[in-house]
Amino acid sequence: MDKEKILKVLNETLALGRKDIPLGEVADYIPELGKADKNALGIALAGKSGNVYTAGDAESRFTIQSISKVISLCVALESRGYDAVFDRVGMEPSGEAFNSIVELDLVSGKPYNPMINSGALAIVDLLLGKYTFTELLEISRKLCRDDGIRLDERVYRSEMENCSRNRAICWLLKSKGIIENDVDEILKLYTAMCSLSVTACSLANLGLILANDGVDAISGERLLSSSTVRVVKTIMLTCGMYDGSGQFAVEVGLPTKSGIGGGLLSVVDKYLGIGIYGPSLDKKGNCIAGGAMLRRLSSEFGLHIFAP
Ligand code: GLN
């Protein structure tokens, strides 16, 4: 497809997504996030040639939130290994909301997967002491090919002042011996990772690395091992959209991770990374217009992993 055709498709897709914006709400349980422009919407597509195609608000900065769980999981798998990660976190969909606490006091108490808050807090515990925030920021910049990524101090402070639920999750995990470090230190690093300011373009670039087996398609440098990338994409497919993951996998069929700031990171394996920004969210906390846009792109271009 030539550039003009791609841009036409992206703009049509954006127009379709816009129709769903009024059906959603901006998250406001972190007060600073409640200030986002509900009508913002952008999409970016990164292809192996190095070209990034965009439409709408693809350069607007917003906080990565739960999409940082993908980065933390990649780093934990690379540095601590598969066994250390899955000794403390499962790899099953939870069927519960992203910030659910109920299941943690049942059975083993091990978080269901690394894509929900409890699992990500346990992963951050593994990273603490091994990586400083500055090192993780550098890694994030490299994986997203975006040196503009910074800590959004306002969102960070706003979440730190309103994180009783994540604090409760940490204490429960601590009581079960699943996490080891100081609860405050875990919360600070987890929240700082959620407060990285990205754009739809940064997410598309990260998606491309995952689509391209962990290799930066432009420089040729391997940033992540094949095995890490395989595990992460599988968990994104089964758990990346919280308790909406099953339906999303059926309807879209692309490994995707959402964040409460309105971001979506999606992978068209072997071909493309897709990044979306739209802070109007559905009831499960996923970008509502982005869901509609990905459904359209998937069906029109046969992108579903099980497309004939
Ligand atoms: N920082 C947010 C939280 O811990 C991330 C949640 C999300 O993006 N779903 O609640």
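Cut-offs used in this document
Residues numbered from 1 in each chain as written. Predicted model: local features only at pLDDT ≥ 70, side-chain atom pairs only at ≥ 80, totals over all residues. Heavy atoms only, no water. Helix = DSSP H or I, 4+ residues; strand = E, 2+ residues; numbered from the N terminus. Buried < 20%, exposed > 50% of the residue type's maximum accessible area, 1.4 Å probe, protein only. Contact = heavy atoms within 4.5 Å. Salt bridge = Lys/Arg side-chain N within 4 Å of Asp/Glu carboxyl O. Pairing = 2+ DSSP bridges. Axes fitted to C-alpha atoms, helices over the stretch in contact; angles between N-to-C directions.

A.B. asks: With reference to specific residues and values, describe the side chain of Ser118.
C.D. replies: With respect to the helices and strands, the residue Ser118 is situated in helix H4 (residues 117-127). Judged by its relative accessible area of 0%, Ser118 falls in the buried class. With sequence-adjacent residues up to four places away left out, Ser118 is seen in contact with Glu103, Leu104, Pro111, Ile169 and Leu173.

A.B. asks: Can you tell me about the pattern of salt bridges, naming the residues and giving the values?
C.D. replies: Counted under the stated rule, the structure contains 18 salt bridges. The salt bridge involving Lys188 is made with Glu185; its shortest N-O contact spans 3.3 Å. Highlighted residues: Lys188 and Glu185, both in helix H8 (residues 183-194), separated by 3 residues, approximately one helical turn. Between Arg296 and Glu300 there is a salt bridge, and its shortest N-O distance comes to 3.0 Å. A residue pair is termed a helical-turn pair when its members lie 3 or 4 positions apart in one helix, as Arg296 and Glu300 do in helix H12 (residues 288-301) at 4 residues. The exposure class of Arg296 is buried, given its relative accessible area of 18%. For Glu300, a relative accessible area of 44% puts it in the partly exposed group.

A.B. asks: For the pairing of strand S1 (residues 42-47), give the residues involved together with the corresponding values.
C.D. replies: Of all 6 residues in S1, 6 are buried; the element is thus mostly enclosed. Every second residue of S1 is oriented toward a common face, with Gly42, Ala44 and Ala46 on one face and Ile43, Leu45 and Gly47 on the other, all of them buried. Two elements, S1 and strand S2 (residues 52-56), share 5 bridges in a ladder whose sense is antiparallel. Across the sheet, residue Leu45 finds its bridge partner in S2, namely Tyr53. The loop that links S1 with its antiparallel partner S2 comprises 4 residues; one of these, Gly50, has a positive phi angle of about 100°. Bridge analysis of S1 against strand S7 (residues 272-277) gives 6 bridges, and the strand direction is antiparallel. If you follow Gly47 over to S7, its bridge partner there is Leu272.

A.B. asks: Run through the sheet that holds S2, naming residues and quoting values.
C.D. replies: Overall, antiparallel pairing links the 5 strands, which are arranged S2-S1-S7-S6-S5 in an open sheet. The open sheet has two free edges, formed respectively by S2 and strand S5 (256-258), since each of these has just one partner strand. The mean inter-strand angle of the sheet, taken between neighbouring strand axes irrespective of direction, is 10°. Relative to strand S6 (residues 263-268), S5 runs antiparallel, the two sharing 3 bridges. Following the sheet pairing, Thr256 is matched in S6 by Ser266.

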